[in-house]
Amino acid sequence: MKAEPAVQRRLLDLAEVDAELARVTHRRRTLPELAEIAEAEKVLRAKQDALTTIGTNLGDLDREVRRQETEIEQVRAREERDRVLLQGGKVGAKQLTDLEHELATLGRRRAALEDDLLELMERREAVEADVQHARVELDKAQEAMADAARRRDSALADLESTETKRTADRKLMVGRFPEPLLTLYDRVRAHKGIGASLLRSRRCGACRIELDRNAFAKVKEAAADEVVQCEECGAIMVRTGESGL
C-alpha cells in the first residue's frame with residue numbers, strides 16, 4: 001500500500017486521538033469512585049440492617065414495658081378494691097384477715113413488678129441511645145455514599161466532555177485519509193489496540209520491540225510512500241527523522 005509520507009505522519013495525530021478515547025473508555029470503567037461507591041453501598045446496607053435490628057429490639061422492649069405497666073395497674077386496681085372493702089367495715093373477721101393477707105401479697109407483687117419495670121426502662125433507655133447512635137452512623141454512611149456519587153458524576157461529566165470533543169476531532173481527521181489506508185489503520189487498531197505509531201530509534205512505538213537487522217533493512221529499503229507494518233504487532237510504522245534509518 002502506498003501513501004504520501006505527510007499523510008502517514010498524520011496517522012500519528014489520529015493515533016493520539018484514538019489513544020485518548022481509549023483512555024476515556026478505560027477510565028470510565030475503572031474510576032476509583034466506582035469501587036468507593038460499591039464499598040459505600042455495603043457499609044450503608046450494614047448500617048441499615050443494624051438500625052433495623054436495634055429498632056426491632058426497641059419495639060420489643062416497648063411492648064414489654066406496656067405489658068408490665070398494664071399488669072401493675074391491674075394489681076393496683078385489686079389493691080384499691082381490697083382497701084375499699086376493708087374501709088367499708090362490712091366484712092367478717094375471716095374475710096378481713098384474708099383481705100389483709102391479699103393486700104400484703106399484692107403489695108409485694110406490685111413492688112416486684114415495679115422493680116422489673118424499672119429495669120426494663122433502663123434497658124429501653126440504653127437501646128434508645130443505641131438507636132440514636134445507629135441513626136447517626138446511617139446518616140454518615142448515606143452522606144459518604146452521596147459524596148462518592150457526586151464525585152463519580154463529576155468525573156463522568158469530564159470524561160463525557162473529553163470524549164465528545166475528541167470524537168469530533170476524529171471525525172474531522174478521518175476525512176483526510178485515503179480509504180484503503182484508513183481501513184488498514186482501523187483494522188489493526190481493532191485487533192491490536194494501536195493502529196499506527198512512530199518508528200523511533202529502530203523501535204516500534206506500538207509494541208516497543210526493537211526491529212532486528214533483517215526487519216530494519218526491509219524498512220530502510222522501503223520507498224518513502226510505502227506503508228510499512230511492524231512484523232510483531234502489525235501497527236503501521238510511521239517513519240520520520242527520529243526513526244534512525
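Whatever comes next refers back to the structure up there.
In this numbering scheme, every chain counts its residues from 1 along its sequence in written order. Confidence filtering applies because this is a predicted model: local features only for residues at pLDDT of at least 70, side-chain atom pairs given and counted only at 80 or more, and all residues used for totals across whole chains, interfaces and linings. The side-chain quantities take in all heavy atoms of the structure and omit both hydrogens and water.

Colleague: I'd like to hear about the pairing of strand 1 (residues 196-200), residue by residue, with values.
Modeller: The buried label goes to any residue with under 20% of its type's maximum accessible area, the exposed label to any with over 50%, and the partly exposed label to all in between, with areas taken from a 1.4 Å probe on protein chains only. Secondary structure elements follow DSSP: runs of H or I of four or more residues count as helices, runs of E of two or more count as strands, with numbering from the N terminus. Taking burial as the measure, the 5 residues of strand 1 include 4 buried ones, the bulk of the element. Strands qualify as paired when DSSP identifies two bridges or more between them. Summarising the sheet, strand 1 and strand 3 (residues 236-239) pair through 4 bridges and their orientation is parallel. Bridging from a neighbouring strand, Leu199 pairs with Arg239 of strand 3. Alignment of strand 1 against strand 2 (residues 203-204), held across 2 bridges, turns out to be antiparallel. Bridge pairing links Arg200 to Arg203 in strand 2.

Colleague: Which residues make up the layout of surface pockets, and what values do they have?
Modeller: Put plainly, a pocket is an open set of points on a 1 Å grid over the protein atoms alone with protein on both sides within 12 Å along at least five of seven lines, a cavity is a set where a 1.4 Å probe fits but cannot get out, and a lining residue has an atom within 4 Å of a point. Grid points are joined across faces, edges and corners, and a volume is the space filled by probe spheres set on the points. The space that makes up the largest pocket amounts to roughly 390 Å³. In terms of lining, the largest pocket is formed by 21 residues, of which the most central are Ala15, Glu16, Ala19, Ile194 and Ala196. Elements that contribute at least two residues to the lining of the largest pocket include exactly helix 1 (5-30), helix 4 (179-192) and strand 1. It is helix 1 that provides the largest number of residues to the lining of the largest pocket, a total of 8 residues. Residue classes follow a fixed rule: Ala, Val, Leu, Ile, Met, Phe, Trp, Tyr, Cys and Pro count as nonpolar, while Asp, Glu, Lys and Arg count as charged, and any other residue, Gly among them, counts as polar. Split into classes, the residues belonging to the lining of the largest pocket amount to 11 nonpolar, 4 polar and 6 charged.

Colleague: Explain the environment of Ala215 to me, using residue names and the numbers behind them.
Modeller: Topologically, Ala215 is positioned in helix 5 (residues 213-221). Under the relative-accessibility criterion, Ala215 is labelled buried at 9%. Sequence separation between Ala215 and Glu231 is 16 residues; the distance between their C-alpha atoms is 7.7 Å.

Colleague: Describe the packing of helix 1 against helix 3 (residues 93-174), listing the residues and the values that go with them.
Modeller: Note on geometry: axes are lines fitted to C-alpha atoms, helical ones only across the stretch in contact, with angles between N-to-C directions running from 0 to 180 degrees. The N-to-C vectors of helix 1 and helix 3 enclose an angle of 155°; their axes lie 10 Å apart at closest approach. In terms of axis orientation, helix 1 runs roughly antiparallel to helix 3. Crossing of helix 1 against helix 3: the hand is left-handed. Across from Asp13, Leu14, Val17, Asp18, Glu20, Leu21, Val24, Arg27 and Arg28 in helix 1, the residues of helix 3 making contact are Leu156, Leu159, Glu160, Thr162, Glu163, Arg166, Thr167, Arg170, Met173 and Val174. Classifying every residue of the contact of helix 1 with helix 3 gives 8 nonpolar, 2 polar and 9 charged. Note on terminology: angles under 35 degrees are roughly parallel, angles over 145 are roughly antiparallel, angles of 65 to 115 are roughly perpendicular, and the others are oblique. Should the near helix be turned anticlockwise from the far one by less than a right angle, the crossing is left-handed, and should it be turned clockwise, the crossing is right-handed. Residues count as neighbours in contact if any of their non-hydrogen atoms are within 4.5 Å of one another.

Colleague: Tell me what's going on with helix 2 (residues 32-88), and back it up with residues and numbers.
Modeller: The span expected for a helix works out to 1.5 Å for each residue beyond the first. Between its first and last C-alpha atoms helix 2 spans 83 Å; for 57 residues at 1.5 Å apiece the expected length is 84 Å, and the two agree. Phi for Gly89, located one or two positions after helix 2, is positive at around 65°.

Colleague: Can you tell me about the pattern of salt bridges, naming the residues and giving the values?
Modeller: Salt bridge, as applied in this entry: a Lys or Arg side-chain nitrogen positioned within 4 Å of an Asp or Glu carboxyl oxygen. Taken as a whole and judged by the stated rule, the model has 36 salt bridges. The salt bridge partner of Arg63 is Asp60, with a shortest N-O separation of 2.1 Å. In this pair, Arg63 and Asp60 are both assigned in helix 2, 3 residues apart and thus about one turn of the helix distant. Accessibility expressed as a relative area gives 38% for Asp60, which makes it partly exposed. Across the pair Arg110 and Glu79 runs a salt bridge whose closest N-O atoms are separated by 2.6 Å.

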